[in-house]
Amino acid sequence: MKKIVIDSYNLDRISTRMAKDFGRIPNGHEDQYAYTLSSMEGNLLKLHRQDPSRTGWHALTAIRMALLTIDAYLKQVENDFSYHVTPENQSFLYGLLMSFDPYTNNELYEILMEKNPNFESREYFGTFIKCLLRIEKSIELWTKRSGQNGYFVFIENHMGHLIDQDDKMNFSIMVPLVDSRD
């Protein structure tokens, strides 16, 4: 498998490229992404609670690394993040991937393979890409408004009471709706 060393250019450009390829969550349509967003944001908040030195900047890098990880799956290559990985962004990357990535989360893999053993990677990851892009914009906004932990203060105030005080990384999986009229 081809290995790609990720440089700053790759890291900085991945969000724009993925938004162009997969789109973004349209304004007013956030409800259908609520469960996916809550598992991703909940995992980020849990990790920030564990170590408040993990900031919004670390989370932004982790989001871009997660997008590059998905891109590598789709292109069947391997990424080398050695120039960018820190303990802080590596923790956030793990939390994000645990929320949706069947190659990181064995429990999710088993459920996904049971429900849809021939799942289509591009289709599967599309929703998660959009959610990562939405969270990225939120972190950028709240970091600019309120400083390096502004995003986590915002999330804590709005949904912190719904997030367990534990170390378990949550995940969500999209399953097709079954019409009861059939």
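This is a predicted model, so every value here is computed, not measured.

Student: Mind showing me how you'd approach the overall build of the protein here?
Tutor: For the protein, the count of helices and strands is seven helices and two strands. In the protein, the succession of α and β elements from N to C terminus is β-α-α-α-β-α-α-α-α. Relative to a compact globule of 182 residues, whose C-alpha radius of gyration would be 16 Å, the protein shows 16 Å and is just as compact. Its C-alpha atoms give the protein principal-axis dimensions of about 50 × 45 × 30 Å. Looking at the protein as a whole, 46% of its 182 residues qualify as buried. In the structure as shown, the protein presents an accessible area of about 10400 Å², 50% of it carried by carbon and sulfur atoms. Where the 20 positive side-chain charges of the protein centre and where its 25 negative ones centre are 7 Å apart.

Student: Explanation requested: the confidence of the model for the protein in the structure shown.
Tutor: Predicted coordinates in regions of low pLDDT should not be interpreted in detail. Across the protein, the average pLDDT comes to 92, with 96% of residues at or above 70. In this model, residues 177–182 is a region of pLDDT below 50 whose contacts with residues beyond four sequence positions or in other chains number zero contacts.

Calculation notes
Residues numbered from 1 in each chain as written. Predicted model: local features only at pLDDT ≥ 70, side-chain atom pairs only at ≥ 80, totals over all residues. Heavy atoms only, no water. Helix = DSSP H or I, 4+ residues; strand = E, 2+ residues; numbered from the N terminus. Rg over C-alpha atoms; globule rule 2.2 N^0.38 Å. Buried < 20%, exposed > 50% of the residue type's maximum accessible area, 1.4 Å probe, protein only. Areas by Shrake-Rupley, 256 points an atom, 1.4 Å probe, with all protein chains shown as cover. Lys, Arg positive; Asp, Glu negative; His and termini not counted. Charge placed at Lys NZ, Arg CZ, Asp CG, Glu CD. pLDDT = per-residue confidence, 0-100. Contact = heavy atoms within 4.5 Å.

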